[in-house]
Protein chains: 2
Amino acid sequence: MPYFDAASSAPLHPVARQALLASLDEGWADPSRLYREGRRARMLLDAAREAAAEAVGCRPDELVFTSSGTHAVHTGISGALAARRRVGRHLAVSAVEHSSVLHSAAAHEAAGGTTTQVAVDRAGRVDPAAFAAALREDTALACLQSANHEVGTEQPVAEIAQQCRAVGVPLLVDAAQSLGWGPVEGDWSLLAASAHKWGGPAGVGLLVVRKGVRFAAQGPADERESGRAAGFENLPAIVAAAASLRAVRAGVAGEAEKLRALVDRIRSAVPEVVPDVEVVGDPVRRLPHVVTFSCLYVDGEALLHELDRAGFSVSSGSSCTSSTLTPSHVLKAMGVLTEGNVRVSLPPGTAAADVDRFLEVLPGAVAGVRERLGAPVAASGPAGVESLVVDSLGKRCPIPVIELAKVIGDVPVGGTVTVLSDDEAARLDIPAWCGMRGQEYVGERPAERGVAYVVRRVS
Amino acid sequence: MPYFDAASSAPLHPVARQALLASLDEGWADPSRLYREGRRARMLLDAAREAAAEAVGCRPDELVFTSSGTHAVHTGISGALAARRRVGRHLAVSAVEHSSVLHSAAAHEAAGGTTTQVAVDRAGRVDPAAFAAALREDTALACLQSANHEVGTEQPVAEIAQQCRAVGVPLLVDAAQSLGWGPVEGDWSLLAASAHKWGGPAGVGLLVVRKGVRFAAQGPADERESGRAAGFENLPAIVAAAASLRAVRAGVAGEAEKLRALVDRIRSAVPEVVPDVEVVGDPVRRLPHVVTFSCLYVDGEALLHELDRAGFSVSSGSSCTSSTLTPSHVLKAMGVLTEGNVRVSLPPGTAAADVDRFLEVLPGAVAGVRERLGAPVAASGPAGVESLVVDSLGKRCPIPVIELAKVIGDVPVGGTVTVLSDDEAARLDIPAWCGMRGQEYVGERPAERGVAYVVRRVS
């Protein structure tokens, strides 16, 4: 049963399992105690810190273990912002950061700070010049991911780190998706990561604060982990996390090459076997194992269920798969189609045969969902009235786009279709459909209920 | 090699180990995902929550898993205080709470709130009337431990919970030390606990917020665990924590009886085999497995090393064993001797023979430390001058008390000894020595350097 959602969480690496088992016996005591069990725990903790620091490329005393990647990000951002409060309260982040970064930014704003979200291009990549332009006199901190968690696009971290250094702004890098694949290049100031993304156990993140970077941990004081991560150390998991990071790094070159080839196969095959599909993300500057595509006229949740029934576990950034019924902020920032979205992220050791079978199963799964939704199969007949209004109020993604596609052939070239919709995804997906279909997106205007999206038929 | 520091951290319970192993294979995926691995993880998480809620005596939807007991306390206090900010910003806590509670209180004060610390008696027990008196119009929250972590004294939680209800103040109970021994009685509002204290793994705490209790989680938003515990769920550890809680509870009656008898043996034997010792904490209303005593004229760290060399792992609240060189705030609040302090906390299954051997080893270990420090062996000869000054400046606990004891016999009854000391522990230990020795503690006054402590010989 192929699991293709490694970017969410990877199964435990065999080395992590082994290390965890060993340290359950050796590392359960309090490492701050003076007796033999405590000293043994302290030695294990010190060794894990050294191994992790070596993999990151930092000094052991710059690295602390947190209880998750999310905690590392929250602690890193709040501590760096607080330490530079005299400089100002401005925070610069990319628009495609992980929710832990964006939620930290929202909390910062709620407390009176300001945030600039730097836009990305259609591939999800930040433009260094745009990022540099967001750095101000009062910028206390900048945050940038090493690679995007939804589309795999790598960010120009080294270049942006240099720009930040030049103006004296510390850069925090969220390396959650990439640390298993290699150290983060460049002269960054802080770094956060999460062990269960590289095959380590849940319950372990890491936060690196370079020497010389000002940092003031927030929240109640606690003496553990240099005062930067409160609570009793989760030692067996920490040992396992460090051991598995070392192990995945040892095999990384060959593994990256294999997965990169499999992802390339998916990237080129999907548009061939599935009509009306958009493969998103940077095709070259990307993580080896992640590929994301969106299918017109498809309900993301229904497609996930179809694929699950066929034995494939994937995730989606479509609005229908989120608890808040809003599309992924990443796809939104990229301006790409959000409906029928599928993210495939391959775990190490993925068999080529499983990828082949996925490509066999996918066209039928997509076609089945489209058929049940009544999606258009081909362009409609000759033209009728000059303009049409489609009432999609109360209908959710992908229905508004399907109804648009069904009637576009009913107006002559030059005529317009106005779609009334109160679904947030329509704002993204109607322009995206126009781009994919070669039709003109005229714009939106408020309607009595919802929003009116106007499309002109040009072909 | 007997490990007698279960109150710090207990070795992993065999059931926890088994559950952890099984859920490493079954529970590594993201429980918020829709595919089979995610659904399986969700089922494990739900089952663990139900088991833990049953053991606590609450509804499953009142309980969330946090990444440690410390995080549960921090989150519980900050969320409860924020939700009742309109009522006021006063917090009432006992003076003997765990550092995670007192550090939360300090953070609350730094942010403009106020705290009242309710005193305890010489047994470490809070007087319900004194606690009730600390509740004010503007009290947003009260915190009380179920039992003390250093001396084992149980607090009158049910009675104080009732008082809190009567005036509409929510009570948060820190049940870290007691939850393995049974549910916390009474009508409390919030409860925090830590799995590694009951033989569960590190990395799991739990926070219960009763329905109807106002709560506003602080920090960046996160959708996991009802928005009350950010970060990817540490599922294998959560499953193991719940399984071991159920397992220890199943055997609790017999285990408590056995350990209680062993602790009683220590409580009665220590003053018989070691001269000049004070056994502290409530002898009856106490945890089954904890006993604490302090030895006059003894350096706590040296005694810990002696006991460690003899194969016994215990902890201490003496100033010399803390990184800040201050004595335990618990012993200080109780007003008992802090020098030569030893806490014995027996893990389940402790053999009576190991306790016997401890009682054999202890007198020699204490005597050895005393001898090396030059402690007085018996009362000195006849009186000399009316008053003496002992300069102990620059000397640490237990030296000032040893020097006092050496010369008290050199002044006649009615004469005084003035000890000059700049060691914080002297402020507690000189009055405590007077109490134990039947001498009169006259008081302290500032000196050119340090503090002058005046003792009158009365016997």
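Every chain is numbered independently, its residues counted from 1 as its sequence is written. Chain A is the first chain written and ligand 1 is the first ligand written, with later ones labelled in order. Side-chain atom pairs in this predicted model are given and counted only at pLDDT of 80 or more, local residue features only at pLDDT of at least 70, and totals for whole chains, interfaces and linings cover all residues. Side-chain figures throughout are based on the complete set of non-hydrogen atoms in the structure, without hydrogens or water.

Draft legend 1. Seen up close, the overall build of chain A. Under the scheme used here, helices are H or I runs from DSSP no shorter than 4 residues and strands are E runs no shorter than 2 residues, and both carry numbers assigned from the N terminus. Scanning chain A for helices and strands turns up 13 helices and 14 strands. Based on C-alpha atoms, the radius of gyration is set beside the globule rule, defined as 2.2 Å times the residue count to the power 0.38. Against the 2.2 N^0.38 benchmark of 23 Å for 459 residues, chain A shows a C-alpha radius of gyration of 24 Å, consistent with a compact globule. Burial classification: accessible surface area is computed with a 1.4 Å probe over protein chains only, and a residue below 20% of its type maximum counts as buried, one above 50% as exposed, and the rest as partly exposed. Sorting the 459 residues of chain A into buried and exposed places 60% on the buried side. Contacts between residues were defined by any pair of non-hydrogen atoms, one from each residue, lying within 4.5 Å. Of the contacts made within chain A by residues no fewer than 6 positions apart, 72% connect residues no fewer than 24 positions apart. Areas reported here follow the Shrake-Rupley algorithm with a probe of radius 1.4 Å; residue values treat only the protein chains shown as occluding. Accessible surface computed for chain A: about 16900 Å², of which carbon and sulfur atoms make up 52%. In chain A, which carries 45 positive and 53 negative side-chain charges, the distance between the mean positions of the two groups comes to 5 Å. Positive: Lys, Arg. Negative: Asp, Glu. His and the chain ends are not part of the count. Positions of charges follow a simple convention, taking NZ of Lys, CZ of Arg, CG of Asp or CD of Glu.

Draft legend 2. Representation of the relation of the copies chain A and chain B in the model. Superposing chain A onto chain B requires a rotation of 180° together with a translation of 0.0 Å along the rotation axis, leaving an RMSD of 0.1 Å. Within this description, the copies of the chain are treated as partners about a two-fold rotation axis. Looking at the interface residues of chain A, 100% of them are also at the interface in chain B, so both copies use one shared face. The least-squares superposition of copies is restricted to C-alpha atoms, and to residues with a pLDDT of at least 70 in both copies.

Draft legend 3. Broad picture of the pattern of salt bridges. Residue and element names in this part refer to chain A. Salt bridges are defined as contacts in which a side-chain nitrogen from Lys or Arg sits within 4 Å of a carboxyl oxygen from Asp or Glu. Under the defined criterion, the tally for this structure stands at 60 salt bridges over all chains. With a shortest N-O distance of 2.8 Å, Glu225 and Arg49 are connected by a salt bridge. Separated by 176 residues along the polypeptide, Glu225 in the loop between strand E7 (205–209) and helix H7 (235–250) and Arg49 in helix H2 (residues 36–56) bring together distant segments of the chain. For Glu225, a relative accessible area of 7% corresponds to the buried category.

Draft legend 4. Examining the pairing of strand E10 (residues 341–345) of chain A more closely. Residue and element names in this part refer to chain A. In terms of residue burial, E10 counts as a mostly covered element, since five of its five residues are buried. Burial along E10 is two-sided: Asn341, Arg343 and Ser345 facing one way and Val342 and Val344 facing the other are all buried. Where strand E9 (residues 290–295) and E10 come together, five bridges link them in antiparallel fashion. Along E10, the bridge assignment pairs Ser294 with Asn341. In this scheme, strands are said to pair when DSSP sees at least two bridges between them.

Draft legend 5. Spotlight on the sheet that holds strand E10 (residues 341–345) of chain B. All names here are of chain B. Judged by pairing direction, the sheet is antiparallel, and its three strands sit side by side in the order E8-E9-E10 without closing on themselves. The strands lining the two open edges of the sheet, one partner per strand, are strand E8 (277–280) and E10. The mean inter-strand angle of the sheet, taken between neighbouring strand axes irrespective of direction, is 20°. Lines fitted to the C-alpha atoms define the axes, with helices restricted to the stretch that makes contact. Angles between their N-to-C directions range from 0 to 180 degrees.

Draft legend 6. Representation of the UniProt feature "domain: UPF0033" (unreviewed entry) in chain A within the structure. The positions that UniProt labels "domain: UPF0033" (unreviewed entry) are, in the present scheme, residues 390–414 of chain A. Strand forms 8% of residues 390–414 of chain A and helix 36%; the C-alpha atoms that close the span are 17 Å apart. UniProt positions are given in the numbering used here, feature names are shortened, and annotations may be inferred rather than shown by experiment.

Draft legend 7. Highlighting the domain arrangement of chain A. All names here are of chain A. Domain delimitation follows an automatic or database domain assignment. Under the domain assignment used here, chain A contains domain 1 (14–250), domain 2 (252–373) and domain 3 (387–456). Spacing between the C-alpha centres of domain 1 and domain 2 amounts to 28 Å. Summing the contributions of domain 1 and of domain 2, the shared interface buries around 2100 Å²; its carbon and sulfur component is 57%. Computed with a 1.4 Å rolling probe, the buried area is the accessible surface lost when two parts are put together, summed over both parts. Of all residues in domain 1, Arg122, Glu150 and Trp181 give up the largest surface area on contact with domain 2, accounting jointly for 38% of the area buried on that side. Viewed at the interface, domain 2 and domain 1 are joined by one salt bridge. Glu278 is paired through a salt bridge with Arg122; the nearest N and O atoms lie 2.5 Å apart.

Draft legend 8. Quick look at the interface of chain A and chain B. Across the boundary between the two partners, chain A contributes 55 residues, which contact 55 residues of chain B. Between chain A and chain B the total buried area reaches about 4400 Å² when both faces are included, carbon and sulfur atoms providing 59% of it. In terms of surface lost to chain B, no three residues of chain A exceed Trp28, Tyr35 and Arg36 of chain A, which account for 15% of the buried area on that side. Our count for the contact surface shared by chain A and chain B stands at eight salt bridges. Ionic pairing is found between Asp308 of chain B and Arg39 of chain A, a salt bridge with its closest N-O pair at 2.7 Å. Identification of polar contacts relies on pairs of N or O atoms within 3.5 Å, with a donor-acceptor requirement for protein atoms, meaning one able to donate a hydrogen and the other able to accept it, and with residues adjacent in sequence counted only if both atoms are side-chain atoms. At the junction of chain A with chain B, the criterion picks out 23 residue pairs in polar contact (both at pLDDT 80 or more). Secondary structure elements with two or more residues in the side of chain A that touches chain B: helix H1 (14–26), H2, helix H3 (69–83), helix H4 (99–110) and helix H9 (300–309) of chain A. For the side of chain A that touches chain B, the element with the most residues is H1 of chain A, which contributes five residues. Each residue gets one of three labels, nonpolar for Ala, Val, Leu, Ile, Met, Phe, Trp, Tyr, Cys and Pro, charged for Asp, Glu, Lys and Arg, and polar for the others, Gly among them. Looking at the side of chain A that touches chain B, its residues break down into 23 nonpolar, 18 polar and 14 charged.

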